[in-house]
Amino acid sequence: MPFDLSTRLAERRAAHLYRKRPLLEAPQGPRVVVDGEQLLAFCSNDYLGLANHPLVIEAFVEGARRWGVGGGASHLVIGHSTPHHQLEEALAEFTGRPRALLLSSGYMANLGAVTALTGQGDTVLEDRLNHASLLDAGLLSGARFSRYLHNDPESLRGRLAKAEGNTLVVTDGVFSMDGDVADLPSICAVAEAHRAWVMVDDAHGFGCLGATGGGIVEHLGLSMDQVPVLMGTLGKAFGTSGAFVAGSDELIETLIQFARPYIYTTSQPPAVACATLKSLELLRGEHWRRERLAELISLFREGAASMGLELMDSPTPIQPILLGSSHRALMLSAALRRRGILVTAIRPPTVPRGTARLRVTLSAAHTRADVEELLEALQASLRELPLQAKDAEEKP
Ligand SMILES: *Cc1c(COP(=O)(O)O)cnc(C)c1O
């Protein structure tokens, strides 16, 4: 029977991999209402608490009054408006690069950059734990595509030895599901020795890392020669929506000419760019938000370690609790929810098989008391959790 969707769905359910969308009935923030329940949430990427900030909202509303709502057309036709242009200039200045290009989402920025820069006869090498959008971009590019071992410059070196054509090495700056930081000094050195370009997706580093929130390249002091292609998203620490690629004038012109996910889509609403200009100002200037995050991260890590939890090597607001089995991850998530805490379980194929986890994320909008409440709930919930729970085999 063609299109046997019910079997596919039933198999996914049996493997504890079925997805449900929690219905959010409040703005982003630590205290939310989800499916009618009041919960304390630790799973948003609004790391700096800017998504519902009064000044960002005001800039958005003012922007809509002045510029209307719809982008109206693609950037190359008549959709590239003054706020988009101003935001690009501000992002170029922020990243210390000649130019930046604004795109509608991080997914599109990654598809656009990788496919505009590489094609048949070229090579794309990616960390095997890169974000799904980068993996999709590598597949779509038509280049030879291969994945090296996670954060392993030696594995990358082996792949580079066999690379052909223009070679693009692509890595997350902060890994989205593990929270660890890419070993960019080594990766860039290995790439440079093979005259390959490095592209960094710093969706989770911008705003959180670096003295002015400039992300992993600011944190590690990396130059544009080392990382010619730098990508960031605006829907996480910036609290708004969209994404950007920053680099040389030639890089940005190349994307404008050839990046199909840039060319063939309507520009984002200009008012969103107005809101992002304000959130960029707050993100750079209000360093206390990063200090608060650092304090909450160490509070959480110390508390979790003292109850014997297996934490990952993460200095960032992404603090996953590794469980292994999807079933156990779902059970722990449900036990926390009964105690008023929302942390979603992250399961394959988002993470490799056997590495299901609760992806705890912290925000500058959380208080110490919020984190203490999470730790207490974790301790109580873990006591209820069976030690073993085997997952049914999932179809790859
Ligand atoms: C969220 C994310 C993206 C996608 O960005 P969107 O703007 O949400 O489409 C890309 N890369 C990484 C590493 C991400 O975490």
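Everything that follows concerns the structure shown earlier in this document.
Throughout what follows, the structure given in this document is the object of discussion. (Residues numbered from 1 in each chain as written. Predicted model: local features only at pLDDT ≥ 70, side-chain atom pairs only at ≥ 80, totals over all residues. Heavy atoms only, no water.)

### A closer look at the sheet that holds strand E9 (residues 243-247)
Note the cut-off: DSSP-based pairing: two strands are paired if at least 2 bridges between them are found. Helix and strand definitions here come from DSSP, where helices need a minimum of 4 consecutive H or I residues and strands a minimum of 2 consecutive E residues; each element is numbered from the N-terminal end. Note on geometry: axes are lines fitted to C-alpha atoms, helical ones only across the stretch in contact, with angles between N-to-C directions running from 0 to 180 degrees.
In spatial order, the strands read E3-E9-E8-E7-E6-E4-E5; together these seven strands make up an open sheet with mixed pairing. Each end of this open sheet is capped by a strand with a single partner; those strands are strand E3 (99-103) and strand E5 (144-148). Going across the sheet, the axis of each strand differs from the next one's by a mean of 20°, ignoring polarity. In this sheet, strand E6 (residues 167-172) lies alongside strand E4 (residues 123-127) in parallel orientation, the contact comprising four bridges. In the strand pairing of E6, Leu-125 is matched with Val-169.

### Some points on the sheet that holds strand E1 (residues 31-34)
Strand order across the open sheet formed by three strands is E1-E2-E11, with mixed pairing between neighbours. Here the strands that pair on one side only, and so sit at the sheet edges, are E1 and strand E11 (341-342). Here E1 runs beside strand E2 (residues 37-41); their pairing, made up of four bridges, is antiparallel. Across the sheet, Val-33 pairs through a bridge with Gln-38, a residue of E2.

### Section: the packing of helix H4 (residues 82-95) against helix H12 (residues 270-285)
Note the threshold: Each angle gets one of four labels, with under 35 degrees taken as roughly parallel, over 145 as roughly antiparallel, 65 to 115 as roughly perpendicular, and the rest as oblique. In this scheme, a crossing is called left-handed if the near helix is turned counterclockwise away from the far one by less than a right angle; it is called right-handed if the turn is clockwise. Contact between two residues is taken to exist if any of their heavy atoms lie within 4.5 Å; hydrogens are not considered. All residues other than Ala, Val, Leu, Ile, Met, Phe, Trp, Tyr, Cys, Pro, Asp, Glu, Lys and Arg, Gly among them, are scored as polar; the first ten of these are nonpolar and the last four charged.
The interhelical angle for the contact between H4 and H12, taken along N-to-C directions, is 25°, at an axis separation of 8 Å. In terms of orientation, H4 and H12 fall into the roughly parallel class. As for the relative orientation of H4 and H12, their crossing is left-handed in sense. Along its contact with H4, which presents Pro-83, His-84, Gln-86, Leu-87, Ala-90, Leu-91, Glu-93 and Phe-94, the element H12 presents Pro-270, Ala-273, Cys-274, Thr-276, Leu-277, Leu-280, Leu-283 and Arg-284. For the contact of H4 with H12, the residue count by class is 11 nonpolar, three polar and two charged.

### A short note on the nonpolar core
Applied cut-off: Residue types Ala, Val, Leu, Ile, Met, Phe, Trp, Tyr and Cys, when buried and joined through side-chain atoms within 4.5 Å, form a set referred to as a nonpolar core. Under the scheme applied here, a residue whose accessible area is under 20% of the maximum for its type counts as buried, over 50% as exposed, and between as partly exposed, the area being computed with a 1.4 Å probe on protein chains only.
Formed by 76 residues in total, the largest nonpolar core has its most connected members in Phe-42, Val-169, Phe-238, Phe-300, Leu-362 and Leu-378. A total of six residues in this core trace back to one element, the largest contributor, which is helix H13 (residues 288-306). For Phe-300, the contacting residues outside a window of four places in its chain are Leu-311, Gln-319, Ile-321, Val-360, Leu-362, Val-371, Leu-374, Leu-375 and Leu-378. In terms of nonpolar packing, the next biggest core, distinct from the first, is built from 26 residues, Ala-116, Val-124, Leu-168 and Ala-259 among them.

### Overview of the site of the ligand
Defined as follows: Any residue with a heavy atom positioned within 4 Å of a molecule or strand is treated as near that molecule or strand. Identification of polar contacts relies on pairs of N or O atoms within 3.5 Å, with a donor-acceptor requirement for protein atoms, meaning one able to donate a hydrogen and the other able to accept it, and with residues adjacent in sequence counted only if both atoms are side-chain atoms. Here the Shrake-Rupley method, with its probe set to 1.4 Å, supplies the accessible areas, and only the displayed protein chains count as covering residues.
Within the structure, the ligand sits among 14 residues, and Gly-106, Tyr-107, Asp-201, His-204 and Lys-236 are positioned closest to it. A distance of 2.5 Å separates a nitrogen atom of the ligand from a polar atom in the side chain of Asp-201. Between the ligand and the protein, one listed contact pairs an oxygen atom with a side-chain N or O atom of Lys-236 at 2.6 Å. For the ligand, whose free accessible area comes to 380 Å², the fraction covered by protein is 81%. The element best represented in the shell around the ligand is helix H5 (residues 106-117), accounting for three residues. Residues belonging to the shell around the ligand are distributed by class as follows: two nonpolar, nine polar and three charged.

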